[in-house]
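What follows is each chain in one-letter form.
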Amino acid sequence: MSLIPDDVIEQVREAADIVGIIGEHVELKRTGSDFRAPCPFHGGTHRNFAVIPRKGMFYCFVCHAGGDVFTFFMKKLGMDYPTAVREVARRVGITIPERGPTGPDPREPLYSAVAAAADWFARQLLESPEAQVARDYLTTRHLDLETVQPLGLGYAPKSKAFLDAMKGLGVRDEVLLEAGLLARREDGTLAPRFRGRLLFPIHDLRGRVVAFGGRILGEGEPKYLNSPDTPIFHKGKLLYNLHVAKHAMRKAERAILVEGYFDVLRPSLAGIEEVVAPLGTGLTPEQAQLVKRHAPLVILLYDSDEPGLRATFRAGDELLREGLRVSVATLPAREDPDTLVQKKGAAGLEEILKDAVDVLERKIQILDHKGFFGTLPGRRRALDRLLPTIRAATDPITRELYISRVAEAAGVRKDVLEREAGMRDAGSGMRPGPTTPPASRISPPVLPASAEKALVLLMLEGEPWKSRVVEAVDPEELEFPPYRAVFESVADDAVLALDDTSARAYEQLKAEGLGRRDPNEMYELAVNWMEARRLERQLEQLDDQLPFESPERQASLIAEKRRVFDELRKRYPRYKIAKRRRGAPGT
C-alpha cells in the first residue's frame, strides 16, 4: 500500500459529511446540534450513540466506542486505516495522490528505528543502574515510575550502550543517523545524540514515535535537546501530546497551550487532557493550523515572566491569524502549570483557566499596569504593541471589537486607528476582507540605520553576540517595531513566529550582515547610544511630572533633571538630545 500524505488525510477528514456517512449504517435523529442512534457496535436499543458534527466525531456513552469517520469504517467494516481513508476520499471526491509505486512506506526503516530506540530508552529508565539519576529526578518532580511508564519516558545513558543495543537489533548506523538518533562528530565518527538525558517521546498525529526531547540531568548545555528535523519529524509541524490531546480538545472545545513537557504531563495526569506544547520554539503557523483542526478556543498558559509574556503574545497573534479565539490565563508568580497542579490539583488549574481573559485585553492590562497610557509618548508605544494583535485578527467581528477596545484604551479615534491598522484604504472607506493583507505587510520595510539596527545585526551573528546583546538591552527599549520584533524572536529562537513585515525585515538584515564592520566597535557604540536614550527618557519622565507637583517637589525634580542632563552630556557628548526625534529611532 502506498503512503497517504498526512495533509491529504486531514483534507479528507474535513471534507467528509460524518452524519451522512454514518447515517447510511444507523438511523440517526437530530438532538439539538448532535445526532443520536442505537449503538451499532454493542447492539444497544437506546439512543446512546452520538454523532457530533462540529467535532467530526462519534461516541457511545455505554460501550465508549468513539473516533472520527475513518475509525467508524475500521470498527464497522473491518477496514485497515489506509483503506478507510481511501473509501471516505472516494465518497467526497478527493483523489489520493500516489507516492511512487505501491509498496512499503520508504520511511518505514526510520519509524522502526525510532520505535526500537523508544522501547530501549524506556527499559533503561526502569532497569538500568545508571538511570538512577533520572529516577531520582522524577522523584523530585513528584512522579513515580508507575505513573510515567505508560507515557513512554526513557533514559539515554552517557555510555555507548545505545550503539551496541541497536547493532544487536540489526539497525544500521545510516538509518540511526537519518532518524536523528546519532550525530556525526568532526572527525567523522558517530555518537549517540542523546546522552545522560531524561527522554520524552514525541509522536505524530497517528501516534507513532518520531522523535525525542531530552532534558539534561546534572551539568551541561543545552538544558533541553530535541531531535533534529528528519524525513519523519519536523518540529515546527507537530505539537507535543497532540496525538492524545486532540480527542479531548474536540470534546472540551478548547486547547490549552503550555511551554514545557512537564507542563503538559502534570495537567494530563490530573485529568485535564487537552494540553499541548510547541517543541522548543515559538508557535509556528503550521502548529496554529493543527490546533485549529481540533478546537475553536485556545487558552495560553505560559509563564508570567517577561520571556513568557513575549512568547504568549507571539503565539496569540499566530493563533488569531488562523481565526481562533485566544485567551490568556495568568499563573501566580514563580508558578508554572506543573507546580500549580502539584499544589492545588486539577481544580486549582481550572480556577486559573476560568479567569482567562482575551489576549488583547491581557496586553492592555499589562501596558496599563506599566503606565503606558499615562503619557502621549507612552500611548504611541502602547499602540505599537497593540497594532500587531489587531492586524493578526482575521475574524472580522473580533477585529472590529479589538479596534473599539484599543481606541477606548488609548484615547484615539476609531477611524484613525483603522487606517493605522491597515483596515481601511486611505480616502476610500473600503475595508479589505479578512484574508487581505494590510498594505504595510506587502511592501518591504525601510530599515533605517540606527543603534537598534546594529544590535539586531550583532544578534544575527549568533553566539556570543546574541547573549551579550540580550544581557545589555531590554527589547522594550527598541522603538522601531520591526527591529523589536526581530530582536525578541532571535532572543527566543522563534523567528518562524514573525509576522510578514517583521519576517521581511529579518530576511533583509540577515542578507546585509556585518560586512567589514568591527563587531566590537559596533557593540560599544550601540550600547552606549541605548544607555544615552535611557537617560533621555528619564529627562522626559521628569518633564512630564513637573507640572503636577508642588513647588517644593518641583525644585527637587529640577535638581534631579539637571543631574541627569549633566551625566548625559558628560558620558555621551556626541548624543543629540531631542534632535534625533526628527529622524528614525536611534539614529
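For the structure itself, look to the data block above.
Residues numbered from 1 in each chain as written. Predicted model: local features only at pLDDT ≥ 70, side-chain atom pairs only at ≥ 80, totals over all residues. Heavy atoms only, no water.

Chemist: Explanation requested: helix α4 (residues 81-92) in the structure shown.
Modeler: Side chains that are three or four residues apart share a direction in an α-helix, a result of its 3.6 residues per turn. Here α4 contains 12 residues, and its C-alpha end-to-end distance of 17 Å stays within 8% of the 16 Å for a straight helix at 1.5 Å per residue. Downstream of α4 by one or two residues, G93 has phi in the positive range, about 80°. (Helix = DSSP H or I, 4+ residues; strand = E, 2+ residues; numbered from the N terminus. Expected span 1.5 Å × (residues − 1).)

Chemist: Would you mind going over the side chain of S502 with me for this structure?
Modeler: Inspection of the secondary structure assignment puts S502 in helix α22 (residues 500-512). Residue contacts for S502: discarding those within four places in its chain leaves P482, A485 and V486. (Contact = heavy atoms within 4.5 Å.)

Chemist: Just to check I follow, could you spell out the pattern of salt bridges for this structure?
Modeler: Here the idea is simple: oppositely charged side chains can pair when their charged atoms come close. This model, assessed by the stated rule, comprises 29 salt bridges. Here D338 makes a salt bridge to R141, at a shortest N to O gap of 2.7 Å. Pair noted here: D338 is in helix α14 (residues 337-354) and R141 is in the loop between α6 (132-140) and α7 (145-148), with a separation of 197 residues, a long-range link. In this structure, D338 and R141 share a single accessibility class: buried. (Salt bridge = Lys/Arg side-chain N within 4 Å of Asp/Glu carboxyl O. Buried < 20%, exposed > 50% of the residue type's maximum accessible area, 1.4 Å probe, protein only.)

Chemist: Honestly, the packing of helix α5 (residues 108-127) against α6 in this entry has me stumped. Any pointers?
Modeler: In a packed pair of helices, the relevant descriptors are the angle between the two axes and the axis-to-axis distance. The contact between α5 and α6 brings their axes to 7 Å, and the two run at 80°. When the interaxial angle is binned, α5 and α6 end up roughly perpendicular. Contacts from Q124, L125, L126 and E127 of α5 reach α6 at A134, R135 and L138. Along the lines of polarity and charge, the residues of the contact of α5 with α6 split into 4 nonpolar, 1 polar and 2 charged. (Axes fitted to C-alpha atoms, helices over the stretch in contact; angles between N-to-C directions. Parallel < 35°, antiparallel > 145°, perpendicular 65-115°, else oblique. Nonpolar A, V, L, I, M, F, W, Y, C, P; charged D, E, K, R; others polar.)

Chemist: Looking at this model, I keep getting lost on the packing of aromatic side chains. Mind explaining?
Modeler: Each aromatic ring pair is characterised by the separation of its centres together with the angle its planes make. Counted by the stated rule, this structure contains 20 aromatic pairs. Considering the side-chain rings of F121 and F212, the 5.4 Å spacing of their centres and the 90° angle between planes classify their relative orientation as edge-to-face. In this pair, F121 is assigned in helix α5 and F212 in strand β10 (residues 209-216), connecting sequence segments 91 residues apart. Since its relative accessible area comes to 3%, F121 is described here as buried. A ring pair is formed by F200 and Y261, whose centres lie 4.6 Å apart and whose planes are at 10°; its orientation type is stacked. Of this pair, F200 sits in strand β9 (residues 197-203) while Y261 is found in helix α11 (residues 261-269), placing the two residues 61 residues apart along the sequence. Neither F200 nor Y261 differs from the other in exposure class; each is buried. Taken together, Y137, F200, Y224, Y240, Y261 and F262 form an aromatic cluster joined through their ring pairs. It is K251 that lies over the ring of Y59; its NZ or CZ is 5.8 Å from the centre. (Phe/Tyr/Trp six-rings, centres within 6.5 Å; stacked < 30°, edge-to-face > 60°. Lys NZ or Arg CZ within 6 Å of the ring centre and 35° of its normal.)

Any functional reading would require information beyond the geometric quantities listed.
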